[in-house]
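Reading the structure
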Amino acid sequence: MEEQEAAPGSPDAMEGEAAAEGVTEEEAAAEGVTEEEAAAEGVTEEEAAAEYSWPKLRFDFPPRRVYHFAHQFRSPCSSTPAASADNFLKGVKWSPDGSSFLTSSDDNSLRLFYLPEDAYSTAGEQTAETAVGGEDSYGANIQVNEGEPVYDFCWYPYMSVSDPATCVFASTSRDHPIHLWDATTGELRCTYRAYDAMDEITAALSISFNSTGAKLFAGYNKAIRVFDVHRPGRDFEQYSLLKGGEGPTGIISSISVSPHNGMLAVGSYSQTTAVYAESNMEPLYVLHGQLGGVTQVLFSKDGNYLYTGGRKDPYILCWDIRNTVDIVYKLYRSSDTTNQRIHFDIEPCGKHLGTGGQVHSSCFHLLVG
């Protein structure tokens with residue numbers, strides 16, 4: 001397949017595009033309040049930031065089902081029509097700007113759903129709960145088929161629906177290179193290929209962009225490969241994780257990049273989580289305590305805490321990355337008798353963690369600071 005030059009642009013590149021289009025700083029500032037106007041009105045940066053706040057989570061009443069999606073996941077898929085009746089969801093991830101969510105299912109497909117334009121304006125007015133078993137609220141805007149089981153997928157961290165150049169997500173599947181997909185057209189932007197000793201393509205088991213979106217980290221068996229997002233193809237840096245004999249000794253199942261302190265956490269099926277310096281992959285900490293193979297690692301929004309979960313392990317462990325001598329606390333979830341990977345996530349404010357489970361979902365108030 002011919003490579004396409006379509007990796008997402010950096011902030012500097014986007015500023016260059018604006019300059020190339022003849023947009024001056026004054027014209028760009030005309031859309032909002034300039035610093036001079038803000039100063040004249042006596043509005044401080046803190047007051048301006050306080051004008052917008054994330055919606056508050058309410059736990060004094062049960063959640064209300066606003067949208068429902070089911071039938072389209074059971075519709076025949078061209079690659080696996082016989083398995084469509086047994087299709088099930090494997091994961092869902094919100095886009096960084098909150099405009100859409102991406103799903104992965106057992107039919108080897110990724111489906112992208114954009115929220116309706118009135119989703120937030122009518123959420124508070126709508127009182128009737130969407131019925132289960134009825135028609136889907138609406139269909140997927142984009143569906144891409146990988147042909148093989150999807151191992152992992154992730155959003156470009158600066159994705160914004162207002163800037164099509166940033167509307168991309170990456171995926172990795174069995175016997176395939178890493179794909180970068182256009183979230184507006186569903187077309188393949190480019191690929192990132194890793195090869196083994198026999199010069200054959202080897203698939204990544206986990207992927208994650210770094211905090212700036214310039215690098216793509218990919219997990220393999222006992223190794224991490226790092227791709228330059230702006231240079232698709234087979235160029236990469238490779239790091240063995242067995243330095244000193246204490247690193248992960250199995251498949252790298254999950255990768256999480258700290259949003260602030262330049263650290264990278266990797267979890268492996270060998271019940272081990274390791275933390276590295278993102279710049280040179282220098283090992284910093286090795287964390288033990290998971291009862292099963294680690295299936296997910298996730299940094300808190302402030303980068304001070306690391307949460308880890310494992311297969312057939314009923315606890316999500318919290319680690320203080322500034323003092324990793326012992327576990328800070330454990331969060332219980334019903335997942336001790338299933339081999340399925342059960343995901344968890346932290347809401348944008350960083351104060352609550354939500355997780356799935358065999359019986360029910362749970363939401364926890366987190367320690368922040």
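Quick summary incoming for the structure in this document. (Residues numbered from 1 in each chain as written. Predicted model: local features only at pLDDT ≥ 70, side-chain atom pairs only at ≥ 80, totals over all residues. Heavy atoms only, no water.)

Within the chain, the regular secondary structure consists of 5 helices and 23 strands. When burial is assessed residue by residue, the chain has 43% of its 369 residues classed as buried. Relative to all contacts within the chain whose residues are 6 or more apart in sequence, the contacts with residues 24 or more apart total 50%. For the chain, the computed accessible surface area is about 19700 Å², with 52% contributed by carbon and sulfur atoms. (Helix = DSSP H or I, 4+ residues; strand = E, 2+ residues; numbered from the N terminus. Buried < 20%, exposed > 50% of the residue type's maximum accessible area, 1.4 Å probe, protein only. Contact = heavy atoms within 4.5 Å. Areas by Shrake-Rupley, 256 points an atom, 1.4 Å probe, with all protein chains shown as cover.)

Ordered by their spatial adjacency, 3 strands build an open sheet running β21-β22-β23, and the pairing between neighbours is antiparallel. Two strands close off the open sheet at either side, each with one partner strand: β21 (344-346) and β23 (362-365). In this sheet, neighbouring strand axes are inclined to one another by 20 degrees on average, regardless of whether the strands run parallel or antiparallel. Where β21 meets strand β22 (residues 352-355), 3 bridges bridge the pair, whose relative direction is antiparallel. Looking at the pairing, F344 lines up with T355 of β22. (Pairing = 2+ DSSP bridges. Axes fitted to C-alpha atoms, helices over the stretch in contact; angles between N-to-C directions.)

A few words now on the sheet that holds strand β13 (residues 252-257). With antiparallel pairing, the 4 strands of this open sheet are ordered in space as β13-β14-β15-β16. Two strands lie at the open edges of the sheet, namely β13 and β16 (283-288), each paired on one side alone. Along the sheet, successive strands turn relative to each other by an average axial angle of 20 degrees, direction set aside. Here 5 bridges tie β13 to strand β14 (residues 263-268), and the two strands are oriented antiparallel to one another. Across the sheet, S254 pairs through a bridge with G267, a residue of β14.

Throughout the structure, instances matching the rule amount to 7 salt bridges. Note that K93 is salt-bridged to D152, the shortest N-O span being 3.4 Å. Taken together, the positions of K93 in strand β1 (residues 89-94) and D152 in strand β5 (residues 150-155) put the pair 59 residues apart, joining distant regions of the chain. Among the ionic pairs, D199 bridges to R234, the shortest N-O distance being 3.0 Å. (Salt bridge = Lys/Arg side-chain N within 4 Å of Asp/Glu carboxyl O.)

Limitation: the analysis is restricted to geometry and does not speak to function.
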